[in-house]
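Topology and contacts: notes
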Amino acid sequence: MSEARDATVIRVEGLSKTFAGGFEALRAVDLEIRRGEIFALLGPNGAGKTTLISVICGLVNPSQGRVLVDGHDSVQEFREARARIGLVPQELTNDAFIKVWDTVSFSRGLFGKPPDPAHIERVLRSLSLWEKRHNRMITLSGGMKRRVLIAKALAHEPEILFLDEPTAGVDVALRRDMWEVVRQLRDAGVTIILTTHYIEEAEEMADRIGVIRSGELLLVEGKHALMQQLGRKELTLHLREPLATVPERLARHALSLAEEGHALVYTYDAESGEEDGTGIAELLADLEAAGIAVKDLHTRQSSLEEIFVNLVKEEA
Amino acid sequence: MNLESVKTLYRAEMARSLRTVLQSIVSPVLSTSLYFVVFGAAIGTRISEVDGVSYGAFIVPGLIMLMLLTQSVSNASFGIFFPRFSGTIYEVLSAPMSYWEVVVGYVGAAASKSLILGIIVLVTARLFVPYSIEHPLMMALFLVLTAVTFSLLGFIIGIWADGFEKLQLVPLLVITPLTFLGGTFYSIDMLPPFWQAVTLANPVVYLVSGFRWSFYGISDVSPLVSLAMILLFLAAALAVVAWIFRTGYRLKP
Ligand SMILES: Nc1ncnc2c1ncn2[C@@H]1O[C@H](COP(=O)(O)OP(=O)(O)O)[C@@H](O)[C@H]1O
Ligand SMILES: [Mg+2]
């Protein structure tokens, strides 16, 4: 029991949120975040990602259900819960005239921690902000502002960091920078929950991925398990002679014709167990028996993007 | 009580107004000095005495109240409206602070600022007119209670306002007229009986009257009634703030 509690750093139980206008932004969400992981919350715009984060961080009141942060109820024991969390919001909100050093120090104090210039310096250096510490926010670029918001979120040494769309509207180079920053934080032991609507980002960064749509958490999986379970593999067989239809004796295989009969496409589960295999051997044997000559073949595994699109489509 | 958090919020708010020291201090002091010049020196020479006090000295408490009320409301309303408007409020709301700690930080800073201004104006007034303070402790009490109460009112306005117009509407349409009509520049016995009765519905009358009593021992209404009234406003303001927090009104959907 205590072991299980240690491994789970955030537990979301039956969380629902209905906004004042009656809009249901979250529907009975259950979620566990494991200590030390990078968790990506993936979903289209308006799916409820920000709302979910906001409830966990105390910015939005839950309508139903609860959130435990390290075992502390986010409403009843908000001090204990919030002290463990750092939040980097989606919008680049800041006070234009405040200086970097001051705003980061302010964040630390606001979370009740006594001043610690050495820690602030470490944070600023790790985010390449040290040279900018005397700059006012208004003089910084968008990427730098985002870094300052991260520094502010890290100023009180949180165990858990929420990054709401950290790379939205950020160019490719900055995005890679940001990923590097996130990895370093994870290596330093911080649990990271990031939201994104870029599949690429989830694929690149996350240990586990939760897919959310219309306030419902559709699934939560390890990235590799997700790719394996939902990742269909395709075997394309280029034929010497075109076919008009899939021959009768090949009907037991999941085949379709492509390239105007010049190719057969065979789809199979990448993950299918060893005992029944992928079915490729049987298919090839049947092809041979049917006298169909194969010129060339190649396989392809679907990307997370295709998985995601399929998932959101299927459920809709 | 999470003292470190409250201290941080309070200091940041004070520092913010230091960044705009000209607006925060110079302009209210300048405008109050102008009142002294116009009302005290120019008009005052034509009005000999009010209730045995020279007119210049008579308006000192009222002018300080005027400044205290308007500054408390504008400091506090801006103090909470600005982070709501810019979005930086997320940080305060996600900090391990109770709502009341947030109020102490914001309202405490706003009240401190207007108190400092009040004292500066009090000292400035001395350059124009000699005055005495008969009940300095009561004066300090009125000063503090008024600053806190009207900073709370400003806090409420700053949460209620959803744009800059509304933020300025209440001070412009409510606070300023009430103060001008609240006996700042006259004793209410100078009014015809009908207007005297109407004036008693103006809460500012009680503040100015009580405050003036602490200076010269003269008042339009009993100082105890004044004190009771200001405590009543304070309680009302606290009740509204408590309601805001319970419902999350405009802060937490
Ligand atoms: N305060 C609010 N009041 C009413 N509806 C809201 C509020 N905040 C968000 N929503 C709605 O909830 C849905 C989810 O929003 P959000 O969590 O921001 O989505 P995401 O971050 O996944 O893009 C959206 O349709 C949005 O319009
Ligand atoms: Mg969002």
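Since this is a predicted model, take the numbers as computed values, not measurements.

Our focus in this paragraph is the overall build of chain B. Along chain B, the regular secondary structure elements total 10 helices and 2 strands. Tracing chain B from N to C terminus, the helices and strands come up as α-α-β-β-α-α-α-α-α-α-α-α. Taken over the C-alpha trace, chain B has a radius of gyration of 19 Å; the compact-globule value for 253 residues is 18 Å, and the two agree within 12%. By principal-axis analysis of the C-alpha atoms, chain B measures approximately 60 × 35 × 35 Å. For chain B, with 253 residues in total, the buried portion stands at 55%. Taking all contacts inside chain B whose residues are at least 6 apart in sequence as the whole, residues at least 24 apart take part in 80%. Counting every atom, chain B has about 10900 Å² of accessible surface; 73% of that belongs to carbon and sulfur. Taking the average place of the 13 positive charges on the side chains of chain B and the average place of its 11 negative ones, the gap between the two points comes to 9 Å.

Below, the discussion takes up the coordination of the magnesium ion (ligand 2). Residues and elements named next belong to chain A. Around the magnesium ion (ligand 2), the protein contributes the donor atoms T50 (OG1) and Q90 (OE1), which lie 1.9 to 2.3 Å from the metal centre. Placement of T50 in helix α2 (residues 49-57) and of Q90 in the loop between β6 (85-88) and α4 (100-110) is noted, with a sequence separation of 40 residues between them. Relative accessible area serves as the criterion here: at 32%, T50 is assigned to the partly exposed category. A residue is classified by how much of its surface remains accessible, and Q90, at 27% relative accessible area, is partly exposed.

Split by domain assignment, chain A resolves into domain 1 (3-227) and domain 2 (231-312). Once you take the C-alpha centre of each, domain 1 of chain A and domain 2 of chain A turn out to be 42 Å apart.

Residue and element names in this part refer to chain B. Taken together, L18, V21, L22, V26, L30 and L34 make up a surface patch of nonpolar side chains, about 590 Å² in accessible area. Per-element tally for the nonpolar patch: the top contributor is helix α2 (residues 21-43), with 5 residues. Among the structural elements, L34 can be located in helix α2.

Inspection of the region around ligand 1 gives A:F19, A:F23, A:A25, A:P44, A:N45, A:G46, A:A47, A:G48, A:K49, A:T50, A:T51 and B:P253 as its neighbouring residues. Chains contributing residues to the immediate surroundings of ligand 1 are chains A and B. Between ligand 1 and A:A47, the relevant distance is 3.1 Å, taken from an oxygen atom to a main-chain nitrogen or oxygen of the residue. A:T50 is positioned with one of its side-chain polar atoms (N or O) 2.7 Å from an oxygen atom of ligand 1. Against a free-state accessible area of 560 Å², the protein chains account for coverage of 63% of ligand 1.

Parameters at a glance
- Residues numbered from 1 in each chain as written.
- Chains lettered and ligands numbered in written order.
- Predicted model: local features only at pLDDT ≥ 70, side-chain atom pairs only at ≥ 80, totals over all residues.
- Heavy atoms only, no water.
- Helix = DSSP H or I, 4+ residues; strand = E, 2+ residues; numbered from the N terminus.
- Rg over C-alpha atoms; globule rule 2.2 N^0.38 Å.
- Buried < 20%, exposed > 50% of the residue type's maximum accessible area, 1.4 Å probe, protein only.
- Contact = heavy atoms within 4.5 Å.
- Areas by Shrake-Rupley, 256 points an atom, 1.4 Å probe, with all protein chains shown as cover.
- Lys, Arg positive; Asp, Glu negative; His and termini not counted.
- Charge placed at Lys NZ, Arg CZ, Asp CG, Glu CD.
- Donors = N, O, S within 2.8 Å, 3.2 Å for Na, K, Ca; no water.
- Domains from an automatic or database assignment.
- Patch = residues over 30% accessible without salt bridge, like charges linked within 9 Å, V, L, I, M, F, W, Y side chains within 5 Å.
- Salt bridge = Lys/Arg side-chain N within 4 Å of Asp/Glu carboxyl O.
- Near = heavy atom within 4 Å.
- Polar contact = N/O pair within 3.5 Å; in protein donor to acceptor, adjacent residues only side chain to side chain.

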